[in-house]
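Structural description and commentary
Next come the chains, spelled out residue by residue.
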Amino acid sequence: MNGQPMRARAEVDLAALRANVRALRGRAPEAQLMAVVKADAYGHGVLPCARAARQAGADWLGTATPEEALALRAGGDRGRLMCWLWTPGGPWQAAIEADVDVSVSGMWALREVVAAARACRRPARVHLKIDTGLGRNGCAPEDWPQLASAALTAEEEGVLRVTGVWSHLACADEPEHPATDAQLAVFRQALETAERIGLRPEVRHISNSAALLTRPDAHFDLVRTGIAVYGLAPGPLLGRPAELGLRPVMTLSARLALVKRVPGGQGVGYGHRYLTPGETTLALVPLGYADGIPRHASGCGPLLVGGKWRQIAGLVAMDQFSVDLGGDTARAGEPALLFGPGDRGEPTAEDWARATGTIGYEIVTRIGARVPRVYLGEGPTGDEGAGGQSADG
Ligand SMILES: *Cc1c(COP(=O)(O)O)cnc(C)c1O
């Protein structure tokens, strides 16, 4: 935006993202690393984050939907790329032609991918998914031998290649939870069955960020890491980002739109849900629920204004909310820091998650398209400490 000051911005520190990817590779040195960039890279902006992850050595990128994977190809990504959330009639042929690895969780999907691969005369790259206990996507263990055998038959016909066997964990962010061991046992059995039938997948994978950080025995050939790439802890039990060698990538800030003195007893915002306790100064922050500020943050969302933590006063509206500065003053245009790495005393996404009863994942992912992403550290070399270069996103 040509250097004009912005209403609000989400700064995305790509040098931090690269350092996170390198740190995570160091935590799973025997495995390949997949950087998960679904949902617009958890709200951080998919193409710059994908490029930065590749620069830092991500062997794979992962998305939920095939459309997200195809958008990466359209954006120029040529590396290994997998997507897993398919619905009947999905764009199988486009994915095969774009050299995207696809996931198959059942016979209907296997039939569709076989038909698509025949139609485009090119073998599909398929990861077979088993539900080891998450109870979500994936083939039920009792159906696994049938799915694996049917996939082998298609492989022998040259229609596809089973490149992966995989699953997803339910409770890895609770290191003591017994479900993880139970899931790993089911997974090992499924791998044995696949092997016995004659499948030779290139990669076996089950770890998310939490398992990457806590369960080396779950790394297998590939780890799929999302939230940790963006510098957030997968859950409060795993420690703070700095303790995990991670740095939060996104900083959300806005510029005060208005500052004014008001008398005591002034109702603030819709429903007058906040009443000024006495004469005071109100500041208006030009961000609202349309920008992804949770309405649940009404009355409790933390932010740094003028060197102090404040709380949202009254309801978060679609485009704006107010803050009571008490005895302090400020000027319109001054920055309000909502969350970031915490270095400057600002709250973190985890603080927002705690205040609003959600998880850091949701806080960053929900930041809306109206907030411009501003990329820092977008160096072609990927050198640390080269940050500072800024471009509007
Ligand atoms: C989102 C997702 C991941 C990444 O999870 P994190 O907790 O963000 O590391 C890994 N695998 C699958 C299947 C996912 O949907």
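Residues numbered from 1 in each chain as written. Predicted model: local features only at pLDDT ≥ 70, side-chain atom pairs only at ≥ 80, totals over all residues. Heavy atoms only, no water.

Focus: the layout of surface pockets
Over the atoms rolls a probe the size of a water molecule, and its path tells where empty space is left. In this structure, the largest pocket spans a volume of roughly 680 Å³. Taken together, 32 residues make up the lining of the largest pocket; nearest its centre are K38, Y42, R136, H168 and Y361. Elements that contribute at least two residues to the lining of the largest pocket include exactly α2 (38-42), α9 (209-214), β9 (222-225) and α11 (360-365). Structurally, the lining of the largest pocket is a two-domain feature, drawing no fewer than three residues from each of domain 1 (31-229) and domain 2 (250-392). (1 Å grid on protein atoms, 1.4 Å probe; cavity = no way out; pocket = protein on both sides within 12 Å on 5 of 7 lines; lining within 4 Å. Points joined across faces, edges and corners; volume = space filled by probe spheres on them. Helix = DSSP H or I, 4+ residues; strand = E, 2+ residues; numbered from the N terminus. Domains from an automatic or database assignment.)

So, the domain arrangement of the protein
For the protein, the assigned domains are domain 1 (31-229) and domain 2 (250-392). Computed over C-alpha atoms only, the centres of domain 1 and domain 2 are separated by 37 Å. Each side of the interface is counted separately: domain 1 has 9 residues, and domain 2 has 10 residues. Carbon and sulfur atoms make up 59% of the area that domain 1 and domain 2 hide from each other, which totals about 820 Å². Linking domain 1 with domain 2 are 0 salt bridges, by the criterion used here. Taken together, the connections running from domain 1 to domain 2 amount to 2 residue pairs in polar contact (both at pLDDT 80 or more). For the side of domain 1 that touches domain 2, the secondary-structure elements that each account for two or more residues are α2 and α3 (46-55). The leading source of residues in the side of domain 1 that touches domain 2 is α3, at 3 residues. Taken together, the residues of the side of domain 1 that touches domain 2 sort by class into 4 nonpolar, 4 polar and 1 charged. (Contact = heavy atoms within 4.5 Å. Buried area = accessible area lost by both parts, 1.4 Å probe. Salt bridge = Lys/Arg side-chain N within 4 Å of Asp/Glu carboxyl O. Polar contact = N/O pair within 3.5 Å; in protein donor to acceptor, adjacent residues only side chain to side chain. Nonpolar A, V, L, I, M, F, W, Y, C, P; charged D, E, K, R; others polar.)

Side note on the state of the cysteines
Overall, the coordinates contain 0 disulfides when judged by the stated rule. C83 supplies the cysteine sulfur nearest to C139, a cysteine that is in no disulfide, at a spacing of 18 Å. (Disulfide = S-S within 2.5 Å.)

Considerations on the sheet that holds strand β3 (residues 60-63)
Read around the closed barrel, the 8 strands follow the order β2-β3-β4-β5-β6-β7-β8-β9; overall the barrel is parallel. Going across the sheet, the axis of each strand differs from the next one's by a mean of 30°, ignoring polarity. Taken together, the 2 bridges between strand β8 (residues 203-207) and β9 define a ladder with parallel strand orientation. Among the inter-strand pairings, H205 is bridged to a residue of β9, identified as L222. Here α3 sits on the sheet in contact with β2 (32-36), β3 and β4 (80-83), set at roughly 150° to β3. In this fold helix α6 (residues 107-120) packs onto β5 (101-104), β6 (124-129) and β7 (160-166), with an angle of close to 145° to the strand it touches most, β5. (Pairing = 2+ DSSP bridges. Axes fitted to C-alpha atoms, helices over the stretch in contact; angles between N-to-C directions.)

As for the nonpolar core
If you look at the biggest cluster of nonpolar residues, it comprises 120 residues, and the most contacted ones within it are V113, W144, L287, F321 and F339. Here the element with the most residues in this core is α6; it accounts for 7 residues. Lining this core are residues from two domains, each supplying at least three of them: domain 1 (31-229) and domain 2 (250-392). What F339 contacts, discounting residues up to four positions off in sequence, is M250, T251, L252, E346, P347, T348, A349, W352, I363, V364 and I367. (Core = buried A, V, L, I, M, F, W, Y, C linked by side-chain atoms within 4.5 Å. Buried < 20%, exposed > 50% of the residue type's maximum accessible area, 1.4 Å probe, protein only.)

A look at empty space enclosed by the protein
In this structure the tally under the stated criterion is 2 cavities of 30 Å³ or more. Considering only enclosed or pocket space, the largest cavity measures out at about 40 Å³ in volume. Lining the largest cavity are H44, Y230, L232, P248, V249, M250, F339, G340, A349 and V364. Class assignment of the residues belonging to the lining of the largest cavity gives a composition of 8 nonpolar, 2 polar and no charged. Empty space within the second largest cavity amounts to approximately 30 Å³. Around the second largest cavity, the lining residues are L252, G292, I293, P294, L338, F339, W352, I363 and I367. Its residues placed into classes, the lining of the second largest cavity shows 8 nonpolar, 1 polar and no charged.

Some points on the environment of G368
Checked against the element boundaries, G368 lands in the loop between α11 and β19 (373-376). For G368, a relative accessible area of 12% gives the class buried. Measuring from C-alpha to C-alpha, the distance between G368 and G43 comes to 7.8 Å, with 325 residues separating the pair along the chain.

A look at the site of the ligand
Near the ligand there are 13 residues, and of these K38, Y42, S209, I227 and Y361 occur at the shortest range. At 3.4 Å from an oxygen atom of the ligand is found a side-chain nitrogen or oxygen belonging to W84. Computed on the free molecule, the ligand has an accessible area of 390 Å², of which 94% lies beneath the protein chains in the complex. Among the cavities detected, the one that contains the ligand is the largest pocket. Listing elements by their share of the shell around the ligand, those giving two or more residues are α2 and β9. (Near = heavy atom within 4 Å. Areas by Shrake-Rupley, 256 points an atom, 1.4 Å probe, with all protein chains shown as cover. Sits in = over half its atoms within 2 Å of the grid points.)

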